[in-house]
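Architecture at a glance
In case you want the letters, here they are:
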Amino acid sequence: MTATERPPQVTNELELSISGMTCASCAARIERKLNKLDGVAATVNYATEKAKVSVPEGIDPQQLIAEVEAAGYGATLPRTEQDSGPATKRDDEEADSTRTLRQRLITSVVLSVPVIALAMVPALQFTYWQWISLTLAAPVLVWGAWPFHKAAWTNLRHGAATMDTLVSMGTIAAFLWSLYALLFGTAGTPGMTHPFELTIQRTDGAGSIYLEVAAGVTTFILAGRYFEARSKRRAGAALRALLELGAKDVAVLRDGREVRIPTGELAVGDRFVVRPGEKIATDGVIEEGNSAVDASMLTGESVPVEVGPGDNVVGATVNAGGRLVVRATRVGSDTQLAQMAKLVEDAQTGKAAVQRLADRISAVFVPIVIALSVGTLAFWLGSGTGLAAAFTAAVAVLIIACPCALGLATPTALLVGTGRGAQLGILIKGPEVLESTRRIDTVVLDKTGTVTTGQMELIDVHLTAGTDRDEVLRIAGALENASEHPIARAIARGAERAVGELPAVEDFTNVEGLGVQGIVDGHAVLVGRSALLAEWSQPLTAELAAAKAAAEAEGRTAVAVAWDGQARAVLVVADTVKPTSAQAIAQLRELGLTPVLLTGDNEAVARSVAEQVGIDEVIAEVLPKDKVDVVTRLQGEGKVVAMVGDGVNDAAALAKADLGLAMGTGTDVAIEASDLTLVRGDLRAAVDAIRLSRRTLRTIKGNLFWAFAYNVAALPLAAAGLLNPMIAGAAMAFSSVFVVSNSLRLRGFRSTAGDPADLAPVIDRREPVPGRN
């Protein structure tokens, strides 16, 4: 077999939990190690401490773990569901990590504050104060900074240098210099004072101690690490909240009896009972009972949705009405709730192109800084400045250059941004999506189910002279209520909303392809095509025929109604525009995007809908397979295209577009093919998704600018010996805290819809049909 005839290599996707990483350089190093293996493609995320790995079939995952351990880090495979509660165990591990870090931070703060105060305020410097400072600073350097020293040593043994190497070297150098000055210099002399000056000038460090540097820098960096760890947990809160939404147990019907079991034991096909106020255990179809379901916790829907036999329900939503018997159609990882959680997790373990740049820079930055520090020391020694001043400048270079902020710039913004998106019902499939949202200039909108409700509604009633509107709706609605046809259901729903309860029907007959007939309140009623009325010699009047023709010219469906030998009305049914679609289109334009309506419906229908929502460009009568061609053509014209759709026929176009947005009310195929999933069936969610993505990207770039500009500006100052190491340490740590705090601002992102009560699909908020005489 030749090379060209070899079958394509089968690859598997694995996820490893990585431990021992302390900076972006660590992530870059593990990534390089894994990618050296044949056929392996890996991305490692420092923030989530996870590696996503594509491996050829046949490679033992233990080989990957061994490779990570050879690099000086730890790796484990994800636990299976049988391992019982993986999420809980993971959360416990994270909590332990945060707790240990907090303990180190608190202890270091308590011990460091007196050391820093004594160094900064000469009035506090009593006799032998320097020895008290040594006693307080030593535990901070040894125990508080132990994670940095351990990581630095591990990396050194493997011939690598990371940001921890800088921290460890800088603090140890400051401590050892202080120890030397105390034991062998003049710093240990009783009555020695140590002035603290915020001046940028070259100084001779002879007789000075830098214990405040060792203790202060350690404390500042521990604070940055602690806030980083907290931001990870906060950003992951949306995922944990999603996982905790579901019911814990369920009443399953076994031989006619209710048996309570954990939801994890549910199987597809099981019938279970949901009482009023209970959470629905899993996705399913209602077999018995009518109720209202509150889906607000999952979708933001504030108004409970009326459901009955045959309706689909989603796990974790709340039964707000009567008793329901539901047949499970999806369980475990197949449920909508689990899929949402998986999308959030995938987004948080991915890595944007902008982050790869930061990782690459971090990987080479550390050795350069160490070389620069050694060069600074050598230069000042060679210039005859003196050992103390030369050492001061070298330590300042080590401390100021530590690019912790660089390692936090992208991951924290991604974590917080995707977590906030999940809370608003915007599921970002991968961080690279953020890059696409910045570039798009055209939004192609599928009509049915996206701009419109996707459900037929009674929108108009045309009457003959002397006919009562309510009577038409009551009689026609009663007859159509006995039919399962979508148009019949639309008329029945509209009639019920307008006149209330409908009368009973006798002798109901479905006339194939023409309509229905029956007896309502003693009247022989016909509802359907005009041909059905013509067969019974009850033709439409000229006025009704004109109304029917006008409705059909706009692409709507006209249904004729007659009873007792006379045509009485024409009912107009159509897919209605969502009330918020026009607002959403206006907001898309405000973002600088050009909306395009794409539909398989006829031109008249498409133009009518476009006119209602404010879209100028319409592409109608497009077959499903041609939607891809439309996207390709627009891209060929130099446009960067986003596609918003919800159906199976939109899937290929969603995948082809530069950015695919699937309405969460749509099909699984569409959701799978998209980059962003909008849980709400409201087009304003697309606006929110683009705004949030762009804002997250801006935050990342702002963070990166701060980290880069800070190091570029401060390094020459430190190398010139003009930067006090204490000030350098404080400023460096502040940059990390700034980056994390800046990222956490994304939690304040607000939806364009305003109040959470407005974040609802609009399908069930319809006004009664208008009348027209």
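Residues numbered from 1 in each chain as written. Predicted model: local features only at pLDDT ≥ 70, side-chain atom pairs only at ≥ 80, totals over all residues. Heavy atoms only, no water.

The name recorded for the chain in an unreviewed UniProt entry is Cation-transporting P-type ATPase B, from Saccharopolyspora elongata. For the chain, the Sequence similarities (unreviewed entry) comment in UniProt is given as "Belongs to the cation transport ATPase (P-type) (TC 3.A.3) family. Type IB subfamily." Under Subcellular location (unreviewed entry), UniProt gives the following word-for-word description of the chain: "Cell membrane". (UniProt positions renumbered as here; feature names shortened; annotations may be inferred.)

Along the chain, the regular secondary structure elements total 26 helices and 26 strands. When the accessible surface of the chain is summed, it comes to about 32,300 Å², and 56% of that surface belongs to carbon and sulfur atoms. (Helix = DSSP H or I, 4+ residues; strand = E, 2+ residues; numbered from the N terminus. Areas by Shrake-Rupley, 256 points an atom, 1.4 Å probe, with all protein chains shown as cover.)

It is worth spelling out the confidence of the model for the chain at this point. Low pLDDT means the predicted atomic positions in that stretch should not be read closely. Mean pLDDT over the chain works out to 77, with 76% of the residues at or above the 70 mark. Contacts of residues 80-90 to residues separated by more than four positions or lying in other chains number 10 contacts, the stretch itself having pLDDT below 50. In the model, residues 299-303 has pLDDT below 50 throughout and makes 17 contacts with residues more than four positions away in sequence or in other chains. (pLDDT = per-residue confidence, 0-100. Contact = heavy atoms within 4.5 Å.)

So, on to the pattern of salt bridges. Overall, the coordinates contain 21 salt bridges when judged by the stated rule. Measuring nitrogen to oxygen at the nearest pair gives 3.3 Å for the salt bridge that ties glutamate 258 to arginine 323. Residue glutamate 258 is found in strand 6 (residues 257-262), and its partner arginine 323 is found in the loop between strand 12 (318-319) and strand 13 (324-328); the two are separated by 65 residues along the sequence. Across the salt bridge formed by aspartate 688 and arginine 691, the nearest N and O atoms sit 3.3 Å from each other. Here aspartate 688 pairs with arginine 691, and both are found in helix 25 (residues 684-719), just three residues apart, close to one helical turn. Owing to a relative accessible area of 28%, arginine 691 belongs among the partly exposed residues under this scheme. Look at the salt bridges and you will find they share partners, linking Arg271, Glu287, Glu288 and Arg327 into a network. (Salt bridge = Lys/Arg side-chain N within 4 Å of Asp/Glu carboxyl O. Buried < 20%, exposed > 50% of the residue type's maximum accessible area, 1.4 Å probe, protein only.)

This part is about the sheet that holds strand 6. Strand order across the open sheet formed by six strands is 6-5-7-13-8-11, with antiparallel pairing between neighbours. Only two strands of the sheet have a single partner each, and these edge strands are strand 6 and strand 11 (312-313). As paired elements, strand 8 (residues 284-288) and strand 11 share two bridges and run antiparallel to each other. Bridge pairing in strand 11 links valine 285 to asparagine 312. (Pairing = 2+ DSSP bridges.)

A few words now on the UniProt feature "transmembrane region" (unreviewed entry) in the chain. As annotated in UniProt, the feature "transmembrane region" (unreviewed entry) corresponds to residues 105-122, 128-146, 166-187, 207-227, 361-381, 387-410, 703-720 and 726-744 in the numbering used here. For the annotated span residues 128-146, helix accounts for 89% and strand for 0% of the residues, and the straight-line distance between the end C-alpha atoms is 27 Å.

By the bridge criterion, two bridges tie strand 5 (residues 249-254) to strand 7 (residues 271-274) in an arrangement that is antiparallel. Of the residues in strand 7, the one forming a bridge with alanine 251 is valine 273.

Judged by pairing direction, the sheet is antiparallel, and its three strands sit side by side in the order 10-9-12 without closing on themselves. Each edge of the open sheet is held by one strand with a lone partner, namely strand 10 (305-307) and strand 12. In the sheet, strand 9 (residues 291-294) pairs with strand 12 via two bridges, with the strands oriented antiparallel. Across the sheet, the residue bridging to aspartate 294 is valine 318, located in strand 12.

Moving on: the side chain of serine 54. Take serine 54: it is sitting in strand 3 (residues 50-56). Residue serine 54 is classed as buried on the basis of its relative accessible area of 17%. Residues within four places of serine 54 in sequence aside, it is in contact with Asn12, Glu13, Gly39, Val40 and Ala41.

This brings us to the nonpolar core. Formed by 47 residues in total, the largest nonpolar core has its most connected members in Leu445, Leu597, Leu661, Leu676, Leu678 and Leu683. Here this core gets nine residues from one element, more than from any other, and that element is helix 25. If sequence neighbours within four positions are ignored, leucine 597 has contacts with Leu445, Lys447, Val451, Ala606, Val609, Ala610, Ile615, Glu617, Val618 and Ile619. Within the second largest apolar cluster, 36 residues are counted, among which are Leu101, Ala137, Phe175 and Val395. (Core = buried A, V, L, I, M, F, W, Y, C linked by side-chain atoms within 4.5 Å.)

Spanning 14 residues, helix 17 (residues 486-499) covers 20 Å between terminal C-alpha atoms, matching the ideal 20 Å at 1.5 Å per step. Taken from the residues just after helix 17, glycine 500 is the one with a positive phi, measuring 90 degrees. (Expected span 1.5 Å × (residues − 1).)

The N-to-C vectors of helix 4 (residues 129-144) and helix 5 (residues 146-157) enclose an angle of 45 degrees; their axes lie 5 Å apart at closest approach. Relative to helix 5, the element helix 4 lies oblique. Facing helix 4, whose interface residues are Leu141, Val142, Trp143 and Gly144, helix 5 presents Trp146, Pro147 and His149. Of the residues that constitute the contact of helix 4 with helix 5, the class distribution is five nonpolar, two polar and no charged. (Axes fitted to C-alpha atoms, helices over the stretch in contact; angles between N-to-C directions. Parallel < 35°, antiparallel > 145°, perpendicular 65-115°, else oblique. Nonpolar A, V, L, I, M, F, W, Y, C, P; charged D, E, K, R; others polar.)

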